[in-house]
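What follows is each chain in one-letter form.
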Amino acid sequence: AISQLLKCDETEQREIYNEWWNDSKHLVEDEEARKIDDIDKIDITNDRQLKLLGTAFKYNRELINFWLRYCILPDETKQFTHKIIATAWDTGLTSHLINGFSGTRDKSKLFPCGLNQIPPSTIDASATDGLMAYLMKNQEYKTLDVDGKSQTFSYLLEEICNPENAYAALIDCGALLSGGTMGDAVQYLVQNLPVSYEGVIYYEEGWKTIDRNGKKTNKINSSIEERNGFVIYDQKRCRGADMKLKPDAKAILTLKTLLTKDDLMQAAGRMRQISGNQTLTVVANNSVAQEIMFVNKTECISMIEVINWTLINTVKYTEKYRTYWMKQGIHFAATGVIEECIRKEDLKLEEIYMDSHGLIQLSEVYDKEITLYNTSHPSINHKLLDEIKSVVTSIDTKLSISLSIDNECEKEIEEEKEIEMEKQTEIPIVQVHAETNWNNYQVTQFTSVRQVSKLTEIQNLKTICKMHYPVLYRVNWPKNIYATQNFIKTVDSLQLSDYLRPVIFLLKFQDGVLLISPREADMLLPKFRGQYSTFCTLTTLTYWKEAKQLGNEEHKLQLGSTIPFQFTAEEDVILSALQLFNGDTTFVVEDVEGIFAELVGDCPRSELKENVENRGHSRTYKRSTLQRLLNYV
């Protein structure tokens, strides 16, 4: 945006920049402000000044509007009268010197006509598909009992670092590492893998290694051999990459939704000695596992069900892209060479969206597509058109396809389908947990929160997250926040992500707090009505936050205690932690940055955002205190 501004007239530059600065100058300290308070001081080649500009203007609406109006929209909303089309037909059939290699042939039906896969010259090579299927059938399968990108990311890394598994490589065919960054993944692995691994080998703008001390080196210059480190094949490296692992190496291979057989076999092929002593453990998260069970109509999953699922996905993939194959073939036959791959662009909404869905014969699509070209032109390749027509006729079935939509419209429709699928997702029916009664008559006499354990089982927040809510397990929770079992257990399920109880009622002691359920609060209320405890307070999180905002140390609960809120540093930490656990996006404690940094530690931002989503506060996240704090940390 600033680069574009500097291209404007000098008067316009100064006027626009002053508007931006007046909205953002309060975000920068006076000493720093003097470095960027005038357009004449701006030097976009100065990295330190650019970082300061980012701090000042990253939330500036006027600057963002300027950037959209002058940088983004002019490029992204351009319209052209014609478009250039080049496809696999142009690549494969315009040269007589085409040579290629494919280890799999499952999608050969989508090859351009005239481009054929040469059959293997030996019997052993012909049996490759069957041999791989047989070898894969004997591999191990596991379901990772998680959903959501960030949860799957964390769980996968913990599974890898478990010394009992002894994995030598991750073949991330299912892109389960997409819930975090490659940098986060390798740092976690280096710190948590068994000491027998010298480091991690991964791809990030080239193959690199990172040793136990965190030193990163280009792989070609590294002393870490592939057989002595842990290798990560990201999704793009699941084809073609070759690493020399130990003869008895074991790898973990991930699955994704709608995975096809050739993708699975290519990924498994990274284990070059899989026909010997190398082995695989194939894993999928809950959503993919549900897909496999649905397709196979079974409750149990083995590798046979996985292979069958990929075969069905391959058939669906071929059917889906048959239409594109046909349209691209017709266009190639009508234009002939790459230099003439120009097609008129029709931008009328009627043409783009009309008849975009429904069941229709593939031959009908052919007949409609062929009318877009002048078939009487001498350059038309009628022989190729006849061959395409023959293929279409031989496989003619009713398909749910788009008649006239192009790439952008197709993306919009796919997004609509994804939204519909998300809306239709149902939370499994579970049994509501029955709360247990406990003798609470002594609570008002207890001087410490830990004494409540004499009456009922309590757990601290760290243990609760470890057992029931792993999204927030890596937060450094204060050790003096406890909860009763009635607060923790809302349903009879181990994972409580979809059934978390919000923090409403709590018992506040001098040395900590105890989170309780609304029913427990009702039971305790008579103990506090008409009498006052000098040791604990029955209060609510909302009341505590309001007291903090008012800043009145004598603020007391109407029924409960003579103990005022002290607003000590320790209480500020507890209050901020409870707000974080509750998914709040605005914090009442002033100067919360230091507290927040201590709480968050190495917990990924994605997991904290996921907690906000689970708590139903997503709409309040943008431009909130929490978003600012995450950027700060």
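Residues numbered from 1 in each chain as written. Predicted model: local features only at pLDDT ≥ 70, side-chain atom pairs only at ≥ 80, totals over all residues. Heavy atoms only, no water.

Colleague: What is the right way to read the overall build of the chain from this model?
Modeller: Scanning the chain from terminus to terminus reveals 25 helices and 17 strands. Counting across all 633 residues of the chain, residues that qualify as buried make up 45%. Here the chain displays about 35200 Å² of accessible surface, and carbon together with sulfur accounts for 50% of that area. (Helix = DSSP H or I, 4+ residues; strand = E, 2+ residues; numbered from the N terminus. Buried < 20%, exposed > 50% of the residue type's maximum accessible area, 1.4 Å probe, protein only. Areas by Shrake-Rupley, 256 points an atom, 1.4 Å probe, with all protein chains shown as cover.)

Colleague: What is the right way to read the packing of helix H9 (residues 149–161) against helix H24 (residues 605–614) from this model?
Modeller: The geometry of a pair of packed helices is captured by two quantities: the angle between their axes and the separation between those axes. Their axes nearest at 9 Å, the elements H9 and H24 cross at an angle of 135°. It follows that H9 is oblique to H24 by the angle criterion. Considering the relative orientation of H9 and H24, their crossing is left-handed. Side by side, H9 and H24 meet where Ser150, Gln151 and Ser154 of the first sit next to Ser606, Glu607 and Glu610 of the second. (Axes fitted to C-alpha atoms, helices over the stretch in contact; angles between N-to-C directions. Parallel < 35°, antiparallel > 145°, perpendicular 65-115°, else oblique. Left-handed = near helix turned anticlockwise from the far one by under 90°. Contact = heavy atoms within 4.5 Å.)

Colleague: I keep staring at the sheet that holds strand E9 (residues 279–285) and nothing clicks. Help me out?
Modeller: The strands that make up a sheet pair up through hydrogen bonds in the backbone, lying either parallel or antiparallel. Here eight strands make up an open sheet; going across it, the order is E2-E9-E8-E3-E7-E4-E5-E6 and the pairing mixed. Edge positions in the sheet fall to strand E2 (140–144) and strand E6 (216–218), since each has one partner strand and no second. Between one strand and the next, the sheet's axes are offset by a mean angle of 20°, whatever the strand orientation. Looking at chain direction, strand E3 (residues 169–171) and strand E8 (residues 250–254) are connected through three bridges and run parallel. Across the sheet, residue Ala169 finds its bridge partner in E8, namely Ala251. (Pairing = 2+ DSSP bridges.)

Colleague: Even after reading the chapter, I still don't get the sheet that holds strand E17 (residues 536–540), so can you show me in this structure?
Modeller: Spatially, E13-E14-E16-E15-E17 is the arrangement adopted by the five strands of the open sheet, whose pairing is mixed. Unpaired on one side and paired on the other, strand E13 (458–460) and E17 mark the two borders of the sheet. For this sheet, the mean inter-axis angle between neighbouring strands, taken without regard to orientation, is 30°. Relative to strand E14 (residues 481–484), E13 is paired through three bridges, and the arrangement is antiparallel. Counted as the bridge partner of Asn460 is Tyr482 from E14. Packing against the sheet, helix H18 (residues 461–468) makes contact with E13 and E14, and its axis sits at approximately 90° to E13. The sheet contacts of helix H22 (residues 569–581) involve E14, strand E15 (505–509) and strand E16 (512–516), and relative to E16 the element is tilted by about 25°.

Colleague: I would appreciate a short explanation of the environment of Leu575 in the present structure.
Modeller: With respect to the secondary-structure elements, Leu575 resides in helix H22. Considered as a pair, Leu575 and Val589 are 14 residues apart in the sequence and their alpha carbons are 7.9 Å apart. Those residues in contact with Leu575 that lie beyond four places of it in its chain are Leu541, Trp544, Lys545, Lys548, Val588 and Val589.

Colleague: Can you walk me through the nonpolar core in this structure?
Modeller: Looking at soluble globular proteins, one finds that nonpolar side chains tend to be buried together. Counting 42 residues, the largest nonpolar core has Leu472, Trp477, Leu578, Leu580, Phe581, Phe596 and Leu608 as the members making the most contacts within it. Of the residues forming this core, the biggest block, six residues, is contributed by H22. If we ignore the near neighbours within four places in the chain, the residues touching Leu580 are Val475, Trp477, Phe587, Phe596, Leu599, Leu608, Asn611 and Leu626. Counting 40 residues, the second-largest nonpolar core is a separate cluster that includes Ala241, Leu253, Val282 and Val306. (Core = buried A, V, L, I, M, F, W, Y, C linked by side-chain atoms within 4.5 Å.)

Colleague: I would appreciate a short explanation of the pattern of salt bridges in the present structure.
Modeller: Side chains that carry opposite charge are capable of pairing whenever their charged atoms lie near each other. Counted under the stated rule, the structure contains 20 salt bridges. A salt bridge links Glu32 to Lys35; the nearest nitrogen and oxygen atoms lie 3.4 Å apart. Under the relative-accessibility criterion, Lys35 is labelled partly exposed at 42%. Among the ionic pairs, Lys219 bridges to Glu226, the shortest N-O distance being 2.7 Å. (Salt bridge = Lys/Arg side-chain N within 4 Å of Asp/Glu carboxyl O.)

Colleague: Quick question: what am I supposed to make of the packing of aromatic side chains here?
Modeller: Aromatic ring pairs are defined here through the distance separating the ring centres and the angle between the ring planes. This structure, assessed with the given rule, holds 15 aromatic pairs. With 6.4 Å between their ring centres and 80° between their planes, Trp207 and Tyr233 make a pair best called edge-to-face. Of this pair, Trp207 sits in strand E5 (residues 207–211) while Tyr233 sits in strand E7 (residues 230–233); the two residues are 26 residues apart in sequence, bridging distant segments of the chain. Within the aromatic cluster, the residues linked to one another by ring pairs are Tyr17, Trp20, Trp21, Phe57, Phe66 and Tyr70. (Phe/Tyr/Trp six-rings, centres within 6.5 Å; stacked < 30°, edge-to-face > 60°.)

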